[in-house]
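Breakdown of the fold
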Amino acid sequence: MTLVTLRRGALAGRFYLAIGVIVSLILTVALLRTARGTAEFVAVFPLEIPLFASLGSMGGLMLFVGDRSKGVLEYFISYGVRPRTLFVNCLLVTMALTTIVLGGSLAVGLGGYLGAGNPLSTDLENSLLGYTIPMAYASALFASIGGIIWSALSTPRMGLNTPVGLAPILGVAPPVVVLIVAEGVDKAAYYEVTLGATLAFLALVVLLLVASSRLMDRERYLSSM
């Protein structure tokens, strides 16, 4: 069932996935061609990836919301599928789609950077391992979990769209907030701020996962139509 959910999630979020992959690759190639030195690439490249990784991961959230509104989740539950399994499968879709965007950007960016004869510096390695990769997953999961809980707990009203439309903003907000805060501190503390903020958002994701067991009871998976 998990593999089927992954395929359906990729189809449901193919528009966002295409935007995340294409735009991130275009900006990566442009940065490789226009960067005036290795320092500029090292400073910019690790910062842009989480923004597009979270955008490209919306398939899991869209699948959950679509299946819930159509009664598909209700159908699965009636046949004995545990609600938590449905929730976790959507998060697995989010992580898989994030990996696609992240992997493509890193393959093209690092491949072009190293292929040009540039060394893998300590700053670049620290940025990728301490910020880019964990923040990509943290922001994507934050948007997905927040959107799922928000959508399930909200009451549909005539003339209003689902709050899921704001989910991409939830995904973009963490890296943007971290960058704004990091730019306001001393350069020597830059990595401490980015890593600390990334860990804080990861902790928030864990708290939302724990809260989901209380907030997302069986009735929240049933169609409200």
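Just so we're clear, the structure is a prediction, and the values are computed from it rather than from any experiment. (Residues numbered from 1 in each chain as written. Predicted model: local features only at pLDDT ≥ 70, side-chain atom pairs only at ≥ 80, totals over all residues. Heavy atoms only, no water.)

1. Observations regarding the overall build of the protein chain
Looking only at helices and strands, one finds 9 helices and 0 strands in the protein chain. Start at the N end of the protein chain and walk to the C end: the helices and strands fall as α-α-α-α-α-α-α-α-α. Here the protein chain holds 225 residues, and the buried ones make up 42% of them. Taking contacts inside the protein chain between residues at least 6 apart in sequence as the whole, the part at least 24 apart equals 85%. As presented, the protein chain carries roughly 11500 Å² of accessible surface, and 67% of it is formed by carbon and sulfur atoms. (Helix = DSSP H or I, 4+ residues; strand = E, 2+ residues; numbered from the N terminus. Buried < 20%, exposed > 50% of the residue type's maximum accessible area, 1.4 Å probe, protein only. Contact = heavy atoms within 4.5 Å. Areas by Shrake-Rupley, 256 points an atom, 1.4 Å probe, with all protein chains shown as cover.)

2. Quick look at the nonpolar core
If you look at the biggest cluster of nonpolar residues, it comprises 22 residues, and the most contacted ones within it are Phe 64, Phe 87, Ile 148, Met 216 and Tyr 221. At the level of secondary structure, the elements contributing two or more residues to this core comprise helix H4 (59-70), helix H5 (72-78), helix H6 (83-115) and helix H7 (122-153). When residues in this core are grouped by element, the largest group, 7 residues, is from H7. With residues up to four places along the chain from it excluded, the contact list for Phe 87 reads Ile 145, Ile 148, Leu 209, Ser 212, Met 216 and Tyr 221. Phe 41, Phe 45, Phe 52 and Ala 53 belong to the second largest nonpolar core, which has 18 residues in total. (Core = buried A, V, L, I, M, F, W, Y, C linked by side-chain atoms within 4.5 Å.)

3. A look at the pattern of salt bridges
Applying the stated criterion across every chain yields a total of 1 salt bridge. A salt bridge links Asp 67 to Arg 8; the shortest N-O distance between them is 2.7 Å. Here Arg 8 lies in helix H1 (residues 2-12) and Asp 67 lies in helix H4, a separation of 59 residues in the sequence. (Salt bridge = Lys/Arg side-chain N within 4 Å of Asp/Glu carboxyl O.)

4. Some details on the confidence of the model for the protein chain
When pLDDT is averaged across the protein chain, the result is 82; 89% of the residues are at 70 or more. Here helix H8 (residues 167-183) stands out as the element of the protein chain with the lowest mean pLDDT, 76, in contrast to H6, whose mean of 91 is the highest. (pLDDT = per-residue confidence, 0-100.)

5. Topic: the packing of aromatic side chains
The geometry of an aromatic ring pair is captured by the separation of the ring centres together with the interplanar angle, meaning the angle of the planes. Scanning the entire structure with this criterion turns up 6 aromatic pairs. Aromatic pair Phe 41 and Tyr 113: ring centres 4.7 Å apart, planes at 10 degrees, arrangement stacked. Residue Phe 41 is found in helix H3 (residues 38-55), and its partner Tyr 113 is found in helix H6; the two are separated by 72 residues along the sequence. By relative accessible area, which is 3% here, Tyr 113 ends up buried. (Phe/Tyr/Trp six-rings, centres within 6.5 Å; stacked < 30°, edge-to-face > 60°.)

6. Notes on the side chain of Thr 198
Tracing the backbone shows Thr 198 in helix H9 (residues 190-215). Residues contacting Thr 198, with those up to four places away along its chain left out, are Gly 130, Tyr 131, Pro 134 and Met 135.

7. A short note on the environment of Gly 171
Counting through the fold element by element, Gly 171 comes out in helix H8. By relative accessible area, which is 0% here, Gly 171 ends up buried. For the pair Gly 171 and Leu 55, spaced 116 residues apart in the sequence, the C-alpha separation amounts to 6.7 Å. Leaving out residues up to four positions away in the same chain, Gly 171 has contacts with Ser 54, Ser 139 and Ala 143.

8. Here's the deal with a nonpolar patch on the surface
Side chains of Val 88, Leu 92 and Met 95 sit close together on the surface and give an oily, nonpolar patch of about 210 Å² of accessible area. Within the secondary structure, Met 95 is located in helix H6. The exposure class assigned to Met 95 is partly exposed, which follows from its relative accessible area of 35%. (Patch = residues over 30% accessible without salt bridge, like charges linked within 9 Å, V, L, I, M, F, W, Y side chains within 5 Å.)

9. Re the environment of Trp 150
With respect to the helices, strands and loops of the structure, Trp 150 is situated in helix H7. Separated by 17 residues in the primary sequence, Trp 150 and Ala 167 place their C-alpha atoms 9.5 Å from one another.

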